[in-house]
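Understanding the architecture of this molecule
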Amino acid sequence: MKDVNHPSIVIWANGNEGGNNHELVADYAKYDPQKRTVIHPWNNFEGTDTQHYRAYDCCVGSLYNGKEVFFPTEFLHGLYDGGHGAGLEDHWNLMRSKPLSAGGFLWSFADEGVVRLDQEGRMDIKGNLAPDGILGPYREKEGSFYTIKEIWSPIKIALDKLPQNFDGLLPLSNDYLYTNLNQIRFSYECRQLPTPYESDTTVKILEKGDLQGPNVEPQQNGYLRLPFQHDLAKTDVLALTAKDPYGREIFTWTWSLKSPIEMNERWLSTKISWPISVDEANNTLRLQLNKTTIAFDTKSGLLQSVISNGTVIPLTNGPQLAVGKASYVGMKHYKKGDSLYVDVQYTGAWKKVRYILAPNGLLTLEYAYNVYNSNPHNEYPFLGINFNFPENLITGVRYMGRGPYRVWKNRMKGNSFGVWNKKYNNTVTGESWDYPEFKGYYRDFNWVVIKNKAKDFIVYNGSDKLFLRLYTPEKPKGARNENNSPDFPDGDISFLHAINAIGTKFDRAVDHGPQGQLNRVGFNAIEGKLIFDFDPKLQ
């Protein structure tokens, strides 16, 4: 009874998952002067529904669709990299739409690893029983940590992308129960990001400011006006931080103010000009410019090899479709102005594959594909193109996009837009804790420097929204199903228009809301554009 007056005790839990002692129910009211609610976690009990690990919008006559106050006392089981933030936005939006919802509890806080001194200090996570936290055994933060921080922020800013000609007016929602937003401090920064050629990731602050929050009552909507003093033309990223009345950071939101095309045109404009030669022999088409040779296999139309300044860059076997089938027909090359064009012709899903080698040394790949009617439901786990690059040669990447954590289709929130320097690792979430993980999908890809033991090179996004894929995460050794190890595209490095979601310990991703579904396609072809710099002048 020592906790009877503790202010953080708001509900009594009488056992868990079937371990309820019904003989003690009456004693709670007898000894508790506040007569707080008693629940039986996992069960329906006296007007509360706390079922565990149910699917999205479950069930007929109960939980989301019942007559009791509902709050799952465990949901979205966070085994390995699944659950937790993956699927949370869908569940949370649905909960907020239901008057009887009282929230829920994610399982669990931290991986319950134990250092085994009898096994040379090995971290024992007992198979798949312990690695289910948003933190590691030493409180290492997983990607879901930041996703949850954004989704459960009491301040909501619904804009994923700022409008053109943004004038500083941001719509926001106050999800606090008692706090007016005029008690919140906001600060903003107008950031200019480093170029692909710089060695560090330090941003330049062009302008910053600090202001009191607007007068927005709890559970109401309003606007925040950012008092910019300068033109935003030179600003790459806007960052906005909110701090609560005690000075603690609630969240920092970031928005890119430029499209990938607008962002990258600064790096791609160059007046260098070299003559281009072409040679075809022994089933190989070679393009030669300065000290760079790019070779294609004329039997398949695929990139065969790249040699830059005498060094082989082993980017090969692309582009290949991540899904869909096509049959190679042939390839042709021709001059157009000062550039050399190579058209690769297919029947089937490929609608366009065109290389353009410019006299400045940049190689552009324009492509389009259509996989409509390639399967009965026209839905796929991912969409895009793949290349091969030996994993044993990769040392890391430096890229512009959202990071530093990887994303899944149903876990997009939590990251910041910027330039990130990531060293290669082979981390398996929950079985090793060198976070952030290297392998996986990255959102809002603008450009990437592929750092490797041969020769670094750069790939730019010349289209709109693309995901960068880096290799395939290993399946956890303790996994008992594929829910936390979704399929990845073939190849090693991919540029994707759509990615797949991740499930939980017990369920597939499709069981947990709209974001967990496969990606549907329509009649129109999907287009993309990449620019390769195989001889960048890096610092």
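Further up the page is the structure itself.
A few points on the structure. Starting from 1, residues in each chain are numbered consecutively following that chain's sequence as written. Only residues with pLDDT of at least 70 get local features here, since the model is predicted, and only at 80 or more are side-chain atom pairs given and counted; chain-wide, interface and lining totals rely on the full set of residues. Each side-chain value is derived from all of the structure's non-hydrogen atoms; neither hydrogens nor water enter the calculation.

Helix and strand definitions follow DSSP, with helices as H or I runs of at least four residues and strands as E runs of at least two, each counted in order from the N terminus. Secondary-structure assignment places Ser-308 in strand E18 (residues 303-308). Relative accessibility under 20% of the residue-type maximum defines a buried residue, over 50% an exposed one, and the middle range a partly exposed one, all with a 1.4 Å probe and only protein chains included. Take Ser-308: its relative accessible area is 0%, and that puts it in the buried class. Among the polar contacts made by the side chain of Ser-308, one reaches the main-chain carbonyl oxygen of Phe-534 at a distance of 3.0 Å. By definition in these notes, contact holds between two residues if any of their heavy atoms fall within 4.5 Å. Ignoring anything within four residues of it in the chain, the contact list for Ser-308 reads Lys-291, Thr-292, Ile-313, Lys-455, Phe-534 and Asp-535. Each polar contact in these results corresponds to two N or O atoms within 3.5 Å; when the atoms are within protein, one needs to be able to donate a hydrogen and the other to accept it, and residues that are neighboring in sequence are counted only if both atoms are side-chain atoms.

So, about unusual backbone geometry. The peptide bond linking Cys-58 to Cys-59 adopts the cis configuration, its omega dihedral lying at 5 degrees. Take Cys-59: it is sitting in the loop between strand E4 (48-49) and strand E5 (69-70). Between Trp-107 and Ser-108 the backbone carries a cis peptide bond, its omega angle lying at 0 degrees. Here Ser-108 lies in the loop between helix H2 (88-96) and strand E6 (114-116). With phi around 45 degrees, Glu-46 is a residue other than glycine that occupies positive phi space. With respect to the helices and strands, Glu-46 occurs in the loop between strand E3 (44-45) and E4.

Take the pattern of salt bridges next. Salt bridges, as used here, are contacts in which a Lys or Arg side-chain nitrogen is within 4 Å of a carboxyl oxygen on Asp or Glu. Across all of its chains, the model carries 29 salt bridges by this definition. For Asp-124, the salt bridge identified is with Arg-122, shortest N-O distance 3.8 Å. Classification of Asp-124 by relative accessible area gives buried; the value is 17%. In this structure, Asp-175 engages Lys-156 in a salt bridge whose closest nitrogen and oxygen atoms are separated by 3.2 Å. Placement of Asp-175 in the loop between strand E9 (169-174) and strand E10 (185-192) and of Lys-156 in strand E8 (residues 155-156) is noted, with a sequence separation of 19 residues between them. Here Lys-156 falls in the partly exposed class, since its relative accessible area comes to 23%. Linked through salt bridges whose partners overlap, the residues forming this network are Asp-81, Arg-406, Arg-411 and Glu-437.

Attention shifts here to the environment of Asp-279. For Asp-279, the location among the structural elements is in strand E15 (residues 276-281). We classify Asp-279 as partly exposed; its relative accessible area is 40%. When the C-alpha positions of Asp-279 and Ala-295 are compared, they lie 9.4 Å apart, and in sequence the two are 16 residues distant. Among residues more than four places away in sequence, those in contact with Asp-279 are Thr-284, Leu-285 and Arg-286.

Our focus in this paragraph is the environment of Asn-360. In this fold, Asn-360 is placed in the loop between strand E23 (350-357) and strand E24 (363-369). Through-space distance from the C-alpha of Asn-360 to that of Asn-425 is 34 Å; in sequence the pair is 65 residues apart. Filtering out sequence-adjacent residues up to four positions away, Asn-360 remains in contact with Leu-268, Thr-270, Ile-272 and Trp-274.

Moving on, we get to the sheet that holds strand E13 (residues 237-243). Read across the sheet, four strands follow the order E11-E10-E13-E14 without closing on themselves; strand pairing throughout is antiparallel. The open sheet is flanked by strand E11 (204-212) and strand E14 (249-256), the only strands paired with a single partner. Each strand of the sheet is rotated relative to its neighbour by a mean of 15 degrees, with strand direction disregarded. Bridging between E13 and E14 involves seven bridges; their strand directions are antiparallel. What sits directly across from Val-237, in E14, is Ser-256. Whether two strands pair depends on DSSP finding at least two bridges between them. As a rule, the C-alpha atoms of each element are fitted with a line to give its axis, helices using only the stretch in contact, and angles between N-to-C directions run from 0 to 180 degrees.

This paragraph deals with the nonpolar core. Core analysis: the biggest nonpolar cluster contains 66 residues, and Phe-495 and Leu-530 have the highest contact counts within it. Leu-530 has contacts with Leu-363, Thr-364, Leu-365, Tyr-367, Ile-385, Phe-445, Val-459, Tyr-460, Asn-461, Gly-462, Leu-466 and Phe-495, leaving out every residue within four places of it along the chain. Nine residue types can take part in a nonpolar core, namely buried Ala, Val, Leu, Ile, Met, Phe, Trp, Tyr and Cys, and a core is a set of them joined through side-chain atoms within 4.5 Å. Listed in part, the 25 residues of the second largest apolar core include Leu-181, Leu-226, Phe-228 and Leu-232.

Such a bond, covalent and formed between the sulfur atoms of two cysteines, is termed a disulfide. When two cysteine sulfur atoms are found within 2.5 Å, that pair is recorded as a disulfide. For the coordinates displayed, the defined rule picks out one disulfide. Between Cys-58 and Cys-59 runs a disulfide, and the two sulfur atoms are separated by 1.6 Å. Across the disulfide from Cys-58 to Cys-59, rotation about the S-S bond amounts to roughly 80 degrees, and the bridge is consequently right-handed. Using a relative accessible area of 17% as the deciding quantity, one classes Cys-58 as buried.

Our focus in this paragraph is the packing of aromatic side chains. In summary, the pairing rule links any two rings of Phe, Tyr or Trp, Trp by its six-membered ring, whose centres are within 6.5 Å, and it sorts them by plane angle into stacked for under 30 degrees, edge-to-face for over 60 and tilted for everything else. Counted by the stated rule, this structure contains 27 aromatic pairs. Here Tyr-399 and Tyr-442 contribute two aromatic rings whose centre-to-centre distance is 5.2 Å and whose plane-to-plane angle is 55 degrees, an arrangement assigned as tilted. Of this pair, Tyr-399 sits in strand E27 (residues 394-403) while Tyr-442 sits in strand E29 (residues 440-442), placing them 43 residues apart in sequence. For Tyr-399, a relative accessible area of 1% gives the class buried. The interplanar angle of 0 degrees and the centroid separation of 4.5 Å between the aromatic rings of Tyr-441 and Phe-488 together place this pair among those described as stacked. Residue Tyr-441 is found in strand E29, and its partner Phe-488 is found in the loop between strand E32 (467-470) and strand E33 (493-498); the two are separated by 47 residues along the sequence. With a relative accessible area of 0%, Tyr-441 lands in the buried category. Members of the aromatic cluster, connected to one another through ring pairs, are Phe-387, Phe-389, Phe-445, Phe-457, Phe-495, Phe-532 and Phe-534. Over a ring means this: the NZ of a Lys or the CZ of an Arg is within 6 Å of the ring centre and within 35 degrees of the ring normal. Here Lys-141 stacks its cationic end above the ring of Phe-145, 5.2 Å away from the centre of that ring.

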